[in-house]
Amino acid sequence: MKKLPFLILLSCFTGLLSAQSSSFLLYSFKGNVSVVEKNVESKAKVGKMLNNAGSVKVANGSAVTLICNEAAMFTITKPGTYPLNKFGDSCKISNSSVSANYVKYVWAQMTQSTGSPGSNRKAYMNTVGAVSRGDINNVWIDPRLDTVNYSGGEDFPLSWKSYADAKEFEFFLYSSDNISEPFYKATVSKLKIPVGDFEKKMKPGNTYYWTAAVKGEENDDLKVFNYVNNSTYSQIVEVIRNQGAAFEAPAEQAYRIAFMLEDAHYLAEAYQYYLKAATVDPANVLYRSTLMSFKKDYEIK
Amino acid sequence: MKKPLHKHIGQGVRNARNHFTKYLYERDTIFATIWVFLFIVILGSIPLNLGIMNPIKLGLKDFDFNDISYSELGKGNNNPIDSHIVIINISDSDRGKLSFIIEKTASMNPKVIGLDALFFGPKDALTDSLLRQSFRKHKNLVAAAKYEEDSNRSLVLSMNHFLNDAARSGYVNFPNKALETTRYFFPVKKTGDTIFPFFATSILQLYDEDCYHKLVKKGDTKVMINYSRNLTPIRKQYQVLDVEQLLADQIDSSAIQGKIALLGYINESPDFIEDKKFTPMNEKFAGKSIPDMNGIVVHANILSMALEKNYIKKLPSWGSWLFAFLVCWLHMSFFIRYYLENHIWFHLVAKIAQVLSAILFVGLGIHLFDEYRLKVDMKISLIAIIMAVDVIYFYEAWATWMHKKYNYRTVFKPHHH
């Protein structure tokens, strides 16, 4: 019986602890953000401490970063009104000790497989691209797209990433004899453009240059786009096809050709072969996961 | 009759202990251990720098096992934001704008302002005059400078055109080369009767007398920096204020009032390496990497360490050597037992023991560093364990020769394998 009051006290204490209010530090914001405290709305100010009775209002295109209990950081980017008492989960931080992490780290390192070229295409795809120097731009184009060989017919996106919170981007296509003035320009809202959008502007057997920039800005980082003749591409595929083992299953052959085409920067064509491998042998986890990984890398939806 | 389980376990423990201790007090074990350390000392004393031929040595020159705890084990990840310090990003502001930033910051009543910027010579007369006024007006403003040796080999503070206008100053030199990891700083530098304070030391003098005296007591000696916080796109452990927001009144005064306001250059993008230093918090703990932390954040870490009084204690070198000797002695006893009694397994067991010991002792070092802020140099212990196996062969030959010549008593028999 003596245990009962102790248990009641313990549960009350635990309840009190869980009900304890969290404090939120308004770490940074951009755009139009306001805070509501005691039904009074005011403009957000960096460094302001808020308790969980308050709320933050985020306008369209704005963002706010909060730090809960001086440790857990989270950012709100979607427009709306957010009562802070709803962010209890965001205040939690993991508390694993360094020593425990050391044991996990050693174990992970010792049991980590180095893999083989076929099972880890990114680790072995060693013809990625060149280093570029110059002004740092708001748009970053993956070095994997440094040179793209294309034989036509298959659609494939040229993609990029943006450091700026921009809504519109410009795509520029240059011919090899005039890299100062683009012969094709397009404004897009996404961070990619399908090759099909400008394929008809190009002629097979020619080299072109392309880049992308935040609308109104410039980007000197030009990438190479080789529009290859069908006959040239057929010869390359034939050479690759003949390099296979004597007994090669259709899915195995498709996967190998895809891998070697990707290495040779025939990305649109490699995609078709990765797709074929995964379709012919749908039970093969490697083919499926490689296809997914390829689609993710090159922003294929 | 079948033995009960606890007797099986007891027997197993006795056998295992026997593996380590059977030869522990043998003269040969102790002498072989001494030979290991003689070799370490002799090889370490060779005046030729053979390291140039050794890529591993070159690669690990600036390596510290404890760096793993930051880069891979999440040390410091959960440390709360330091509420004593606020960093104001001055970006690439010119002298005129800096003057406005100082005035705006001072209007929010920080306890101390530290300006981590060097000013080489005069520039535009108007902006120079504005900045000079700011330096003269605010007695709680600490200016940055660098110490250099003059022609008399005395230290002088330089590289700040406004040094004579500032009420206080502190040097921002670190005792490492530009491409080495920033691990240490000198709280003060003494030259003759003059004492120059470090940038953080000067700031502490105005902010917290007690912490200041504790730091100054360490004198003109290298103090190891206990990095606890970082600024990355995913870790914000110092409040950073954008200068445009500061000037546009978008900062709550409580963010600065009564705090240490550090004015310096910040860029969290890993692509910008201007004013960045290599620190133990670098994502790569070994091999080629890029600098990871802005200088002002290094100063902030030093201030956090001093304010929280969590200095790193270093085990003296004699302690590290003694620890290494005991570890090597234990291993030697274990190795000799296999060498003499199960030689067929000797190399396999020795290699496994070396790997396991390396993992164990590195882990022990990391645990002591993380839990007790005690830095133990485990490198000597690891070198001793690695050398122990090879020294056994040398020792066997030496003991056998001594046995023949001087009837030296040894457990090693001539050509026993």
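Residues numbered from 1 in each chain as written. Chains lettered and ligands numbered in written order. Predicted model: local features only at pLDDT ≥ 70, side-chain atom pairs only at ≥ 80, totals over all residues.

## Quick word on the overall build of chain A
The secondary structure content of chain A amounts to 7 helices and 17 strands. Partitioning the intrachain contacts of chain A with sequence separation of at least 6 by distance along the chain shows that 57% fall at a separation of at least 24. (Helix = DSSP H or I, 4+ residues; strand = E, 2+ residues; numbered from the N terminus. Contact = placed C-beta atoms within 7 Å.)

## Points about the confidence of the model for chain A
Counting all residues, the mean pLDDT for chain A is 85, and 88% of those residues have values of 70 or more. Here residues 12-19 of chain A scores under 50 on pLDDT; set against residues more than four positions off or in separate chains, the count is 0 contacts. (pLDDT = per-residue confidence, 0-100.)

## Details of the pairing of strand β3 (residues 141-149) of chain B
All names here are of chain B. Bridge count for strand β2 (residues 112-115) against β3 is 3 bridges, and the pairing is parallel. Within the sheet, the bridge partner assigned to G114 lies in β3 and is V142. With helix α6 (residues 125-137) bridging β2 and the parallel β3, this β-α-β connection has right-handed handedness. Both β3 and strand β4 (residues 155-158) contribute to a ladder of 4 bridges, which runs antiparallel. Bridged to Y147 within β4 is L157. The antiparallel hairpin formed by β3 and β4 contains 5 residues in its connecting segment, where R153 sits at a positive phi of about 60°. (Pairing = 2+ DSSP bridges. Right-handed = clockwise from strand over helix to strand, strands pointing away.)

## Observations regarding α6(B)
Residue and element names in this part refer to chain B. With 13 residues, α6 should reach 18 Å at 1.5 Å per residue; the first-to-last C-alpha distance of 18 Å fits that figure. Inspection of α6 places L131, S134 and F135 among the buried residues, and these make up the whole buried set. Looking down the long axis of α6, one finds its buried residues gathered within 100° of arc, a one-sided arrangement. Exposed residues on α6 whose side chains face more than 90 degrees from its buried face are A125, L126 and S129. Looking at the buried positions of α6, the neighbouring elements they touch are α5 (95-106) and β3. (Expected span 1.5 Å × (residues − 1). Buried ≥ 20, exposed ≤ 12 C-beta atoms within 10 Å, placed from the backbone. Arc of directions from axis to C-beta.)

## Re the sheet that holds strand β4 (residues 49-51) of chain A
All names here are of chain A. Sheet architecture is open: 4 strands sit in the order β4-β1-β6-β7, paired in antiparallel fashion. If you trace the sheet from one side to the other, it starts and ends with β4 and β7 (72-76), each paired once. Between one strand axis and the next, the sheet turns by 30° as a mean value, whatever way the strands run. Pairing of strand β1 (residues 23-30) with β4, which is carried by 3 bridges, proceeds in the antiparallel orientation. Its bridge partner being in β4, S23 is matched across the sheet by N51. (Axes fitted to C-alpha atoms, helices over the stretch in contact; angles between N-to-C directions.)

## Observations regarding the packing of helix α2 (residues 27-45) of chain B against helix α13 (residues 379-406) of chain B
Residue and element names in this part refer to chain B. It is at 8 Å that the axes of α2 and α13 come closest, and there the two elements cross at 115°. Of the two elements, α2 crosses α13, and the hand of that crossing is right-handed. Taken together, the residues of α13 that come into contact with α2 (itself represented by D28, A32, W35, V36, F39 and I40) are I383, A384, M387, A388, V391, I392, F394, Y395 and A399. Here the contact of α2 with α13 is built from residues that sort into 14 nonpolar, no polar and 1 charged. (Left-handed = near helix turned anticlockwise from the far one by under 90°. Nonpolar A, V, L, I, M, F, W, Y, C, P; charged D, E, K, R; others polar.)

## A closer look at the confidence of the model for chain B
Here chain B shows a mean pLDDT of 90. Residues at 70 or above account for 95%. Reported for the predicted complex are a pTM of 0.75 and an ipTM of 0.82.

## With respect to the interface of chain A and chain B
Contacts between the two partners involve 20 residues from chain A, matched on the other side by 24 residues from chain B. For the side of chain A that touches chain B, the secondary-structure elements that each account for two or more residues are β1 and α2 (98-111) of chain A. Residue contributions to the side of chain A that touches chain B peak at 6 residues, all from α2(A).

## Topic: unusual backbone geometry
Residues and elements named next belong to chain A. The backbone of N39 shows a phi angle near 65°, a positive value even though the residue is not glycine. Residue placement: N39 occurs in the loop between β2 (33-37) and β3 (40-43). C-beta crowding within 10 Å serves as the criterion here: with 5 such atoms nearby, N39 is assigned to the exposed category. If you check the backbone angles, E70 has positive phi at about 65° while not being a glycine. As for its placement among the helices and strands, E70 is situated in the loop between β6 (63-68) and β7. Take E70: there are 17 C-beta atoms within 10 Å of it, and that puts it in the partly exposed class.

## As for the sheet that holds strand β10 (residues 147-150) of chain A
Residues and elements named next belong to chain A. Here 5 strands make up an open sheet; going across it, the order is β10-β17-β16-β13-β14 and the pairing mixed. Edge positions in the sheet fall to β10 and β14 (184-188), since each has one partner strand and no second. For this sheet, the mean angle separating the axes of adjacent strands, direction not counted, is 20°. Summarising the sheet, strand β16 (residues 206-214) and strand β17 (residues 223-227) pair through 5 bridges and their orientation is antiparallel.

## Topic: helix α10 (residues 295-308) of chain B
An α-helix turns once per 3.6 residues; consequently, residues spaced three or four apart project the same way. Residue and element names in this part refer to chain B. With 14 residues, α10 ought to run about 20 Å at 1.5 Å a step, and its terminal C-alpha atoms sit 20 Å apart, in line with that. Taken across its 14 residues, α10 has 12 buried, putting it largely inside the fold. If you check which residues of α10 are buried, you get G295, I296, V297, V298, H299, A300, N301, I302, L303, S304, M305 and A306. Following α10 by one or two positions, K309 has its phi on the positive side, about 50°.

## Description of the domain arrangement of chain B
Residues and elements named next belong to chain B. One can read the domain layout of chain B as domain 1 (31-61 + 314-406) and domain 2 (77-311). Between the C-alpha centres of domain 1 and domain 2 there is a distance of 42 Å. Listed as interface residues are 5 residues of domain 1 and, on the opposing side, 5 residues of domain 2. (Domains from an automatic or database assignment.)

## Some remarks on the packing of helix α1 (residues 5-21) of chain B against helix α11 (residues 317-341) of chain B
To characterise two packed helices, one gives the angle between the axes of the helices and the distance between these axes. All names here are of chain B. Relative orientation of the contacting elements α1 and α11 amounts to 105°, with a least axis distance of 6 Å. Here α1 lies roughly perpendicular to α11, going by the angle between them. Contacts from H19, F20 and T21 in α1 reach L330, S333, F334 and R337 in α11. For the contact of α1 with α11, the class distribution of residues is 3 nonpolar, 3 polar and 1 charged. (Parallel < 35°, antiparallel > 145°, perpendicular 65-115°, else oblique.)

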